[in-house]
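Chain by chain, the residues run as shown.
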Amino acid sequence: MTPADINPGLWLIAAGLLAAATPWHPVRAILGVAAPLGALALLFGPGGMGAHGAIEFLGYQLLTHRFDATALPFATALVLGSLLAGLYAVGRTTRIESGAGLVLAGGAVGAVLSGDIVSFLLFFEIAILAGAALVWAGGGRLSAHAAIRFLAIHILAGSLLVAGAAAIAAADPFPVLGPVDPASAGGTLLLVGLAIRAGAPGLHVWLRDSQARTSPEGGVHLGAVITTVAIYGLLRGFAGEPMLIAIGLLTALWPLLFVAIEDDLRRVGCWGVLAHAGLMMAVAGVGGPLAAGAVMSMAFGGIIAFSLFFMAAGAVQARLGHCRISLLGRVWRTMPVSAALMLVAGLGIGAVPLTAGYTGLAVASGTMAQTQAPVVWVIFVLAAAAAGLAVGVRAPLRAFFATRVGAEPEEAPFPMILAMTLAGFFVMAAGLAPGFLEAMLPEGIRISAFVDDSRGEIAQIWIFAALVLAAFGMVRLDPRVRPGVARDLDDLYRGPARAALRWSTGTVQRIVGRMLEVGRAWSAELAASLAQAVRPGGLLVRWFEAPGAAWPLLVVAALVVTLIVLS
Amino acid sequence: MQNERPLDEIPADFRLPAGIFTTADLTPEDLPDPADVQPDHPGARLLGWAAGRGGRIAVFGLLLLVGSGLVLLEVMFRPAAITHVSEIPGIHAAIGMTAALAVVLLARVGQWLLLRRDANPMPPRTAPSRALPVRPATPAPAAPGTLRPTIAPTAGGGAR
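Fair warning: this is a prediction, and the values are worked out from it, not measured in the lab. (Residues numbered from 1 in each chain as written. Chains lettered and ligands numbered in written order. Predicted model: local features only at pLDDT ≥ 70, side-chain atom pairs only at ≥ 80, totals over all residues. Heavy atoms only, no water.)

(A) Quick peek at helix H19 (residues 414-432) of chain A. Residues and elements named next belong to chain A. Spanning 19 residues, H19 covers 26 Å between terminal C-alpha atoms, matching the ideal 27 Å at 1.5 Å per step. Buried within H19 we find Met416, Ile417, Ala419, Met420, Ala423, Gly424, Phe426, Val427, Ala429, Ala430 and Gly431. On its buried face, H19 sits against helix H3 (71-88), helix H9 (216-222), helix H14 (289-320), helix H16 (336-349), helix H17 (356-369) and helix H20 (435-440). (Helix = DSSP H or I, 4+ residues; strand = E, 2+ residues; numbered from the N terminus. Expected span 1.5 Å × (residues − 1). Buried < 20%, exposed > 50% of the residue type's maximum accessible area, 1.4 Å probe, protein only. Contact = heavy atoms within 4.5 Å.)

(B) Highlighting the packing of aromatic side chains. All names here are of chain A. One pass over the full model with this rule turns up eight aromatic pairs over all chains. Both rings, one in Phe300 and one in Phe436, keep their centres 5.9 Å apart while their planes meet at 75°; by these two values the pair is edge-to-face. One end of the pair, Phe300, is in helix H14; the other, Phe436, is in helix H20, and 136 residues separate them in sequence. Through successive ring pairs, a cluster of aromatic residues spans Trp254, Phe258 and Trp271. (Phe/Tyr/Trp six-rings, centres within 6.5 Å; stacked < 30°, edge-to-face > 60°.)

(C) Examining the pattern of salt bridges more closely. Residues and elements named next belong to chain A. The tally for this structure, following the rule as stated, stands at eight salt bridges over all chains. A salt bridge links Arg149 to Asp209; the shortest N-O distance between them is 2.6 Å. With Arg149 in helix H6 (residues 141-171) and Asp209 in helix H8 (residues 205-211), this residue pair connects regions lying 60 residues apart in the sequence. What makes Arg149 partly exposed here is its relative accessible area of 24%. The shortest N-O distance in the salt bridge between Glu262 and Arg208 comes to 3.7 Å. Residue Glu262 is found in the loop between helix H12 (256-259) and helix H13 (265-286), and its partner Arg208 is found in helix H8; the two are separated by 54 residues along the sequence. When its relative accessible area of 5% is taken as the criterion, Arg208 is described as buried. Three or more residues joined by partner-sharing salt bridges are found here, namely Arg394, Arg398 and Asp478. (Salt bridge = Lys/Arg side-chain N within 4 Å of Asp/Glu carboxyl O.)

(D) Here's a closer look at the interface of chain B and chain A. Contact with chain B, which involves 66 residues of that partner, is made by 84 residues of chain A. Counting the contacts that link chain B with chain A gives zero salt bridges. Across the chain B-chain A interface, the total number found is seven residue pairs in polar contact (both at pLDDT 80 or more). Those elements that place two or more of their residues in the side of chain B that touches chain A are helix H1 (42-51), helix H2 (53-76), helix H3 (91-113) and strand S1 (115-116) of chain B. Considering every element that reaches the side of chain B that touches chain A, the biggest residue donor is H3 of chain B, with 18 residues. A per-class count over the side of chain B that touches chain A returns 38 nonpolar, 17 polar and eleven charged. Pairing analysis gives two bridges linking strand S3 (residues 485-486) of chain A to S1 of chain B, with the strands arranged antiparallel. Residue pairing across strands places Ala486 of chain A opposite Leu115 of chain B, the latter belonging to S1 of chain B. (Polar contact = N/O pair within 3.5 Å; in protein donor to acceptor, adjacent residues only side chain to side chain. Nonpolar A, V, L, I, M, F, W, Y, C, P; charged D, E, K, R; others polar. Pairing = 2+ DSSP bridges.)

(E) Examining the nonpolar core more closely. Residues and elements named next belong to chain A. Within the largest apolar cluster, 192 residues are counted, with the highest numbers of intra-cluster contacts made by Leu265, Phe380, Phe400 and Met420. Ranked by residues supplied to this core, first place goes to H14 with 23 residues. Look past the residues within four positions of Met420 in its chain and what remains in contact with it is Tyr88, Leu308, Met311, Ala312, Ala315, Ser338, Leu341 and Ala412. (Core = buried A, V, L, I, M, F, W, Y, C linked by side-chain atoms within 4.5 Å.)

(F) Examining empty space enclosed by the protein more closely. Residue and element names in this part refer to chain A. In total, this model carries seven cavities of 30 Å³ or more according to the counting rule given. Taken as a whole, the largest cavity holds about 190 Å³ of empty space. Every element with two or more residues in the lining of the largest cavity is listed here: H13, H14, H16, H17 and helix H18 (374-400). Residue contributions to the lining of the largest cavity peak at five residues, all from H14. Taken together, the residues of the lining of the largest cavity break down into twelve nonpolar, eight polar and no charged. Empty space within the second largest cavity amounts to approximately 150 Å³. Around the second largest cavity, the lining is made up of 17 residues, and of these Gly81, Ser82, Val220, His221 and Val225 lie nearest the centre. (1 Å grid on protein atoms, 1.4 Å probe; cavity = no way out; pocket = protein on both sides within 12 Å on 5 of 7 lines; lining within 4 Å. Points joined across faces, edges and corners; volume = space filled by probe spheres on them.)

Have a look at this one:
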C-alpha cells in the first residue's frame, strides 16, 4: 500500500480521534488546523488523479480512493471548510467538538473521494455519527434531544441507502459509485435516501433543528457539509434525472415560506443551506458536463460562503449566548469586522457579482436555460434570487445593522476574526478570479464565458430586488422580525401527531381495561353460578340425579374432546 | 453642550438624584448628540454612514441609476430574435422585483400563519461558563425633551 492509496478522509478521521482523546487544549487546537492542511497536501500530493486503494472486501471489489475532476472541487471545498472551522475554534474547543468536527470533515471528504457505493456509504455514516456528536456537544437537554432527532432521521435515510446499496451490490460485485437507474429498486432507495440527506421537503427539519442547538464552533463544522455530500452522491448517481429538477425546485422554494420570519440567525443560515441544496439538485437534474460544472461551482462557493455566514452568526452567539435577530441592536458599532464579513458572506450567498456564489449561479442559470422550459428557468432564478435576498441580505442587515436598542456584543476574538477574514478572502477570490475554480473542473467545462456574460443580468436581479426591498422598508411594509420560531412540518409529528398517538394509546388502554373488567365480572358470575349449581340440590346435581339427564352433558364433553384432538 | 461624555462611559447603574431635575429642566441641547457616540474606527464610521439616512438615500439613488442603465443597455442591444425567455430585455429586473415582493409578502403571511412562541428559547442553552463576556447595551438617544431612561444591563440579551 502506498500513501496515494490512503483516502485523505482517513487522515482527518484519525486526527479527529486523536483530538478527542487528548486532554490538552493546545494539541487539539493545533490538530484542528494541521490536520486539514495535511489533508490538502495529500489531496494535491504525489498520488495525483486516478483510482487508488483497490481492496477486496466480502467478495466485493472496493475502490477506497478515487480522485477525479468531479471529486476535486467538492473535496477541496470540504477540506478548506474544515481548515476554516479549525482556525475559528482555536480559542475555544472541547474534546468532543474538536474530534467530531475533524471526523465529520474526514467522513465527508472520504465519501467524496470514494470510488464505490459501499465505501461512500461507510464514510457518509461516519460523518453522520460525528454530526450527531457535534449537536449533542452543544450542551444541555435540548441539544441531546436534537441529536437524537438528528440521528433518527439519518438512521432512516441510512437504512434506505444501505438497502439500496445492497440491492445494487447483489447484482454487481464491483458496485461503482456511478450512474444508477432510478427505476430499479436499489436506485429508488438510494435516490430517496440521498434526497432526505440533501434536505428534500418533508424530512428536512433535521438541519434547522440540529444546527440551532450546536455550539458556535460546532455550527461552523456542521455548516453545509452533509447536504453537500448528499448532492455529490446525487450528481454521481442520478445526473440528468428529470425528477431531480422538480424535487430540487421544491426544495429551493420551500424555505422561502420560513426564512423571512425566522428569528434565529443560524436557522436563517440553515434555510439558506436547504435552498442552495435544492438549487444544486435542480441543476444536477439537467445533466451533462455543464450542469456538473455548475453544481461543482455552486458547491464550492456555497460551502465557503455558508461557513463564513455561520462563523459571523456564531461570533454573536459566542458573545451573547444567542443570535436572535429580534434581540440584537446596532451590532455593527461594536462588531464592525464581523458585520462587514457577514455582509461579504451575504453577498456570496446571494450570488452578487464578483463573489463566489455568483460564479455558480451564472453557470447554473445558463444550464437551466438549456432545458428549453421557460417556466423552469424562471422558477429557478426566482427561487435563487428570493433565497439569496432573504438569507444573504435581509437577515444580516436586520441582525447587524438594526436601528433599535438591543444587545451590542464585543467584537469576536482574534482567531475567529482571522478565520472569518480568510473565508471572506475565498468568497471574494472565487468571484473575482474564477479561473482557479475553472482549473479544478473537469476538462472541457468552461465557465468563464457564463461568468463574463451574466454579470449585467444578475446585477439587474440584485439591484432591483434591493430597490424594492428598500422601498418596502421605507414605507414600513416589510415587517420587523418578531421573536418566536416558525411552525414547520415537525410540528405535525412533535405536536398533533404526538398528541393523537397519546390519545389513541390512552383510548386503547381504556378499552382494554374495560374489556378486562367485564371479563372479570363475567368470570365471577360464572364461577358463582357454577358453585351454586354443584351444591347439594343445585341444577347440575339434580340433572345427574335424574335418570338419563347426564347424556347431553356427555355428548357436549365428547364434542369438546374431539375438537381439541382435531385442532 | 453641558454633557459631552459618551454614553458608553455613563455607568449602567447611574440614576438621576430624585428631585434635582425634572423633564422640564432639560433641553434637547443637554442630551448628547448621537454623532458623539459614533465609534472612532474609520470602518465603523463608514458602516455607520451607510446605515444612516444619508447613506441609505445615496445607496438607493446609486442602485436606481445603475439598474436603469443596465436595463437600458439591454433594451438597446437586445437580440434580433428572442429564442429563450432569458433573452427578454428587463426579465432579470422583473424577476428581482418579484423576488423582493415575494419575500416581503411571505414574511407578512408567514408571521400571521406560521410564527409561534418558542417554548425552548436559545439563550439559556449556552452554559454561563462558556459564554464570553457581554458588553452592556448602549441605550438609544432619547427623543428631544424627554429624559433618557437608565437601563440596567440584563444577563444574556442586554436591555431592550
